[in-house]
Amino acid sequence: MEGRAVAAGKSTAHDRGAHICFADESGQSLIPPRGRTWAPRGARPVVRVAGRRGGRVNIVGAVCFKPGHRPRMFFKLHVHRGRKGEPN
């Protein structure tokens, strides 16, 4: 690879008028964290936490670049509560 640049094909997207895109996805559970509290030895405390199942939230996003144009960002947020009849 002597004499060749690391990004030798960097003008290819510009020459073709193509977009360069970066995408990522992530998910998070909506189940509340485990509650803790102090209690006398031998007496288990009752910690009430709102929400039964919680569900989950997923997000996917992409950032696109094209020479001579403004960058664009796209994302989709999906919340799934786990209710009966709700699509996955």
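Residues numbered from 1 in each chain as written. Predicted model: local features only at pLDDT ≥ 70, side-chain atom pairs only at ≥ 80, totals over all residues. Heavy atoms only, no water.

**Q** Explanation requested: the overall build of the chain in the structure shown.
**A** From N to C terminus, the chain includes 1 helix and 3 strands. The order of helices and strands in the chain, counted from the N terminus, is α-β-β-β. Put simply, the chain has 88 residues, and 7% of those count as buried. Summarising the internal contacts of the chain: among those between residues at least 6 apart in sequence, 54% fall at separations of at least 24. Only carbon and sulfur atoms are counted for the fraction: they give 54% of the accessible area of the chain, which is about 8,500 Å². (Helix = DSSP H or I, 4+ residues; strand = E, 2+ residues; numbered from the N terminus. Buried < 20%, exposed > 50% of the residue type's maximum accessible area, 1.4 Å probe, protein only. Contact = heavy atoms within 4.5 Å. Areas by Shrake-Rupley, 256 points an atom, 1.4 Å probe, with all protein chains shown as cover.)

**Q** Please explain the state of the cysteines as it appears in this structure.
**A** In a disulfide, the sulfur atoms of two cysteines are held together by a covalent bond. This structure, assessed with the given rule, holds 1 disulfide. For Cys21, the disulfide goes to Cys64, at an S-S distance of 2.5 Å. Sign of the S-S torsion, about 110 degrees for the bond between Cys21 and Cys64, identifies this disulfide as right-handed. Placement of the pair is Cys21 in strand S1 (residues 20-29) and Cys64 in strand S2 (residues 56-65), with a sequence separation of 43 residues. (Disulfide = S-S within 2.5 Å.)

**Q** How should I be thinking about the environment of Glu86 in this particular structure?
**A** Its location among the elements puts Glu86 in the segment after strand S3 (72-80). On the basis of relative accessibility, which here comes to 24%, the residue Glu86 falls in the partly exposed class. Residues within four places of Glu86 in sequence aside, it is in contact with Val79, His80 and Arg81.

**Q** Just to check I follow, could you spell out the packing of aromatic side chains for this structure?
**A** Any two aromatic rings considered together are summarised by their centre-to-centre distance and by the angle between their planes. Enumeration over the complete set of coordinates arrives at 1 aromatic pair. Judged by centre distance (6.2 Å) and plane angle (70 degrees), the ring pair of Phe22 and Phe65 falls under edge-to-face. Pair noted here: Phe22 is in strand S1 and Phe65 is in strand S2, with a separation of 43 residues, a long-range link. (Phe/Tyr/Trp six-rings, centres within 6.5 Å; stacked < 30°, edge-to-face > 60°.)

**Q** Can you help me understand the environment of His78 in this one?
**A** The topology assignment puts His78 in strand S3. A sequence separation of 51 residues divides His78 from Gly27, and the C-alpha atoms of the two residues are 9.3 Å apart.

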